[in-house]
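# An overview of the molecular structure
As a plain string of letters, each chain reads:
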Amino acid sequence: MRTMIDDIIAKRQRMAYKNEEHVRIGIVLRLLQKAGWDIFDPAEVYLEFSANRNEDKTKVDIAIFANSNEPTAFIEVKSLGSIRAKLQETERQLRDYNRNNTAPFSIITDGEEWRFYFSQTGGEFSEKCFRTMNICKDGIEDVELTILSFLSRQAITSGKAREYAENYLKLTKKQKTVDDSVPIAKRIAEDDPDKSWVQALIDICSEKGFEIDREEAKEAIKEYSSISDEVKAPEPKAEIISQKDVPSTNLPKRPEKQHMEIPISHINRESNYAHKKIIEIELFGQSFRPKNYNQLLLLTSKKIYEMQKSDFHKCTELVGRKRKYFSKEKADVFSPEPIGESGYYVGTNESATSIVKICYMLLAKFGYVKSDLVLKVEQAK
């Protein structure tokens, strides 16, 4: 599923989804199929479903049926980027659909942002939202977890999705804040080795006006992890497509001084920099101490720009299998950051491991050698 999510993000980046129908077919139906639904069987996935059998004007974009003649979920699809502007109107639509033909779950999405509602509870419809997701801003692992937990056929038919929705809606405002902040804290901890998952969660909740202690944070993380372990499918190993992708068998052992130097020859698909703190880098013979991996990427990019101003446009030729890394247009990259005065932007919405790989790719692009960048890292505590 992660490969599919990554492909959707890449297509979103190059503005492939031009209208609502593109979103419905190219994003929503793809994810539904991957989540176990038979999108080619109208008895299971019904497009343009009439919520009111006596009225042909009100039709739900997608209705899902699970072993029943009654709908299980209504999905209302909007064009990319339009969910916020039409949120109240769309919530009223779904409220009315459920008056005529109640489905336990309702979903509003523009392909990028997703809002999950549990219809069979009291209160205003807007208060029935129990989960939100953003495919482009949330981590791929978290997006996968949300889909498997609340949209998959297995989660819905087993009652697990309903159980979570009911439990979440019973939480206090503080508890909901903690619950919503756990995956955000996880991403912060992965990108900043100076912070643990627990501390990141405590800090986020504090910023939102709620103080929690370490035990509360640990319990929230434990609950999140248990859900993840329950639904997560193992990710297939990356296919080795050439000799250069074969993992090195002679990686240096970790010395007692608690840091190790990583030359480019050891940057491959098996390298993992998650939870590794940068101690120091040596770039073109100079020593630097970037605070995090984003600073490493910006520093490397800026240094190369200063030495290769006339040819720096070549950086835009560096693309992953699915996305651009550098561009003169902010919209072309995720979380764009300017590279000095170059007029170019680099995307910083990447994992620590990906950032290291991009730095070495950039060096190689301009003809620099492996030893021009050496990292000293240690396992974060």
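Coordinates for the structure precede this section.
Fair warning: this is a prediction, and the values are worked out from it, not measured in the lab. (Residues numbered from 1 in each chain as written. Predicted model: local features only at pLDDT ≥ 70, side-chain atom pairs only at ≥ 80, totals over all residues. Heavy atoms only, no water.)

## Some thoughts on the overall build of the protein
Selection rule: Helix and strand assignments follow DSSP, with helices taken as H or I runs no shorter than four residues and strands as E runs no shorter than two, numbered in order from the N terminus. Each residue is assigned to one of three classes by its accessible area relative to the maximum for its type, calculated with a 1.4 Å probe on protein chains only: buried under 20%, partly exposed between the two thresholds, exposed over 50%. Throughout, a residue-residue contact means that at least one pair of heavy atoms, one from each residue, lies within 4.5 Å. Residue burial considers only the protein chains on display, and all accessible areas are found by Shrake-Rupley using a 1.4 Å probe.
Looking only at helices and strands, the protein has eleven helices and 13 strands in total. When burial is assessed residue by residue, the protein has 47% of its 381 residues classed as buried. Excluding contacts between residues fewer than 6 apart, the proportion of contacts in the protein whose partners are at least 24 apart in sequence is 56%. Within the structure as shown, the protein displays about 19,800 Å² of accessible surface, and the carbon and sulfur contribution to it stands at 46%.

## Points about the sheet that holds strand E5 (residues 113–118)
Defined as follows: Two strands qualify as a pair provided that DSSP identifies no fewer than 2 bridges between them. As a rule, the C-alpha atoms of each element are fitted with a line to give its axis, helices using only the stretch in contact, and angles between N-to-C directions run from 0 to 180 degrees.
Pairing within the open sheet is mixed, and its six strands lie in the order E1-E2-E3-E4-E5-E6. This sheet does not close on itself; its edge strands, each paired only once, are strand E1 (45–50) and strand E6 (129–134). For this sheet, the mean angle separating the axes of adjacent strands, direction not counted, is 25°. Taken together, the five bridges between E1 and strand E2 (residues 59–64) define a ladder with antiparallel strand orientation. Its bridge partner lying in E2, Tyr46 is registered against Ala63. Along the sheet, helix H6 (residues 160–169) makes contact with strand E4 (105–109), E5 and E6, crossing E6 at roughly 110°.

## Thoughts on the nonpolar core
To keep things clear, this is the line we draw: Remark: nonpolar core denotes a set of buried residues (Ala, Val, Leu, Ile, Met, Phe, Trp, Tyr, Cys) joined through side-chain atoms within 4.5 Å.
Counting 44 residues, the largest nonpolar core has Leu32, Trp114, Phe130 and Ile135 as the members making the most contacts within it. Of all the elements, helix H2 (residues 20–34) adds the most residues to this core, at six residues. Once residues within four sequence positions are removed from consideration, Leu32 is found in contact with Trp37, Ile39, Val45, Ile62, Ile64, Ile75 and Leu151. Judged by nonpolar contacts, the second largest core, of 30 residues, contains Leu299, Leu318, Phe326 and Cys359.

## Things to note about H2
Note the following rule: One fewer than the residue count of a helix, multiplied by 1.5 Å, yields its expected span. Note that bend, as reported per residue, equals the angle between axes fitted to the 7 residues terminating at that residue and the 7 residues originating from it. What qualifies as a polar contact is a pair of N or O atoms within 3.5 Å, subject to a donor-acceptor requirement within protein and to the restriction that residues adjacent in sequence count only when both atoms come from side chains.
The end-to-end C-alpha distance of H2, which contains 15 residues, comes to 20 Å, matching closely the 21 Å that a straight helix rising 1.5 Å per residue would cover. Its axis deflected by about 30° at Val28, H2 carries its strongest bend there. Residues of H2 that are buried include every one of Val23, Arg24, Gly26, Ile27, Val28, Leu29, Leu31 and Leu32, and no others. You can read the cap of H2 off the contacts: a side-chain oxygen lies 3.1 Å from the backbone nitrogen of Glu21, and it is on Asn19. Just beyond H2, the residue with positive phi is Gly36, at close to 105°.

## Quick look at unusual backbone geometry
Positive phi outside glycine occurs at Met15, with the angle close to 60°. The residue Met15 is located in the loop between helix H1 (2–13) and H2 in this model. Accessibility expressed as a relative area gives 37% for Met15, which makes it partly exposed. With a phi close to 50°, Ser335 is a non-glycine residue in the positive phi region. On the secondary structure map, Ser335 appears in the loop between strand E10 (326–327) and strand E11 (336–338). Ser335 gets classed as partly exposed once you look at its relative accessible area, which sits at 39%.

## Here we look at the packing of helix H7 (residues 173–191) against helix H8 (residues 197–207)
We apply this condition: Every angle not falling under 35 degrees, over 145, or within 65 to 115 is termed oblique; those three ranges are roughly parallel, roughly antiparallel and roughly perpendicular. For any helix crossing, the convention is left-handed if the near helix is rotated counterclockwise from the far helix by under a right angle, and right-handed if that rotation is clockwise. Three categories are distinguished: nonpolar for Ala, Val, Leu, Ile, Met, Phe, Trp, Tyr, Cys and Pro, charged for Asp, Glu, Lys and Arg, and polar for the others, with Gly belonging to the last.
It is the contact of H7 with H8, at a shortest axis distance of 8 Å, that shows an interaxial angle of 130°. When the interaxial angle is binned, H7 and H8 end up oblique. The handedness of the crossing between H7 and H8 comes out as right-handed. The residues of H8 that touch H7, namely those facing Val178, Ser181, Val182, Ile184, Ala185, Lys186, Ile188 and Ala189, are Trp197, Ala200, Leu201, Ile204 and Cys205. Considering only residue class, the contact of H7 with H8 consists of eleven nonpolar, one polar and one charged.

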